[in-house]
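Here is how the chains run, residue by residue.
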Amino acid sequence: MKILRGSFFTTLFLFLIFFIDGQLSRGFVDLFAEKWHPASHILLFFTVFLFLNFSKEYIFFLFFTLGLFYDVYYLHVIGLFTFILPLLTVVIYHFLSVFLLNRWTRVLAIITIVFFFEIISFVSASLLHLASLTFPDFIIYALVPTLVFNALLFLLLQPLFEKVYLWWIRNRNVTNA
């Protein structure tokens, strides 16, 4: 029952983060008069830490569902993020032991995850004629501001993530003993 309750609240929390990401991204585009396009990816931050408490199958299904919602809510085309988000969960799971080594590897991991998410998203959107930016414009006006913003945001939120991470580890050790 505890796992079901945890899964339910985690799912609701991730859907809340999904909407917060969208509002933050939209707010920054409005703030910078639509010249710079930094995108918030708090949802991707949580992916690294979710593997500590949930199975890879559950996380894969959860991010498949979130990708479907992302496609419907933001793009109105099903398939792009329904593919990209689960793909990233598989990659994160594969490198999880490296990502959790220390504070700086987590920062580099987040920058790398956001980089690949943005590149794959842009290339896919361009192939589907959903993007109007050229690649150099994408790099200058979207990718670089997104990487800088998410790196700073993760550095700001990392102490909170570490407290939750340590709590999950302690809680898991107590229930396993």
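Residues numbered from 1 in each chain as written. Predicted model: local features only at pLDDT ≥ 70, side-chain atom pairs only at ≥ 80, totals over all residues. Heavy atoms only, no water.

S.K.: Could you give an account of the overall build of the protein chain, naming the residues involved and the relevant values?
M.R.: Summing up its helical and strand segments, the protein chain has 7 helices and 0 strands in all. Counted from the first residue to the last, the protein chain has its helices and strands arranged as α-α-α-α-α-α-α. Here the C-alpha atoms of the protein chain give a radius of gyration of 17 Å, agreeing with the 16 Å that 2.2 N^0.38 yields for 177 residues. Along the longest, intermediate and shortest principal axes, the C-alpha atoms of the protein chain span 55 × 30 × 30 Å. Sorting the 177 residues of the protein chain into buried and exposed places 41% on the buried side. Taking contacts inside the protein chain between residues at least 6 apart in sequence as the whole, the part at least 24 apart equals 69%. With an accessible surface of roughly 10,300 Å², the protein chain has 74% of that area assigned to carbon and sulfur atoms. (Helix = DSSP H or I, 4+ residues; strand = E, 2+ residues; numbered from the N terminus. Rg over C-alpha atoms; globule rule 2.2 N^0.38 Å. Buried < 20%, exposed > 50% of the residue type's maximum accessible area, 1.4 Å probe, protein only. Contact = heavy atoms within 4.5 Å. Areas by Shrake-Rupley, 256 points an atom, 1.4 Å probe, with all protein chains shown as cover.)

S.K.: Any details on the nonpolar core? Residues and values, ideally.
M.R.: Across soluble globular proteins, nonpolar side chains have a tendency to be buried as a group. Ranked by internal contacts, the top residues of the largest apolar core, which has 46 residues, are Leu14, Val48, Phe63 and Leu66. At the level of secondary structure, the elements contributing two or more residues to this core comprise helix H1 (2-31), helix H2 (42-50), helix H3 (56-75), helix H4 (80-94), helix H5 (96-99), helix H6 (103-127) and helix H7 (135-176). It is H6 that contributes the most residues to this core, 9 residues altogether. The contact partners of Leu14, leaving out residues within four places of it in the chain, are Leu43, Phe46, Leu50, Leu62, Phe63 and Leu66. (Core = buried A, V, L, I, M, F, W, Y, C linked by side-chain atoms within 4.5 Å.)

S.K.: Lay out unusual backbone geometry with the relevant residues and their values.
M.R.: A positive phi is found at His76, a non-glycine position, where the angle reads about 65°. By secondary structure assignment, the location of His76 is in the loop between H3 and H4. In the Ramachandran plot, His129 falls in the positive-phi region, its phi being about 60° despite a non-glycine side chain. The residue His129 is located in the loop between H6 and H7 in this model. Residue classification places His129 among the exposed residues on the basis of a relative accessible area of 71%.

S.K.: Tell me about the side chain of Thr47, residues and numbers included.
M.R.: Within the secondary structure layout, Thr47 lies in helix H2. Judged by its relative accessible area of 1%, Thr47 falls in the buried class. Only 3.3 Å separates the side chain of Thr47 from the backbone oxygen of Leu43, close enough to count as a polar contact. Look past the residues within four positions of Thr47 in its chain and what remains in contact with it is Phe63, Thr89 and Ile92. (Polar contact = N/O pair within 3.5 Å; in protein donor to acceptor, adjacent residues only side chain to side chain.)

S.K.: Residues and numbers for the packing of aromatic side chains, please.
M.R.: In this structure the tally under the stated criterion is 28 aromatic pairs. Consider the rings of Tyr70 and Phe81, whose centres lie 4.1 Å apart with planes at 55°: the pair is tilted. Residue Tyr70 is located in helix H3, and its partner Phe81 is located in helix H4; the two are separated by 11 residues in the primary sequence. (Phe/Tyr/Trp six-rings, centres within 6.5 Å; stacked < 30°, edge-to-face > 60°.)

S.K.: Give a detailed account of a nonpolar patch on the surface, specifying residues and quantitative values.
M.R.: The grouping of Phe83, Leu87, Val91, Phe95, Val98 and Leu101 at the surface amounts to a nonpolar patch, some 550 Å² of accessible area in total. Among the elements that make up the nonpolar patch, the one with the highest residue count is H4 (3 residues). Inspection of the secondary structure assignment puts Leu87 in helix H4. Overall, Leu87 belongs to the partly exposed group, its relative accessible area being 34%. (Patch = residues over 30% accessible without salt bridge, like charges linked within 9 Å, V, L, I, M, F, W, Y side chains within 5 Å. Salt bridge = Lys/Arg side-chain N within 4 Å of Asp/Glu carboxyl O.)

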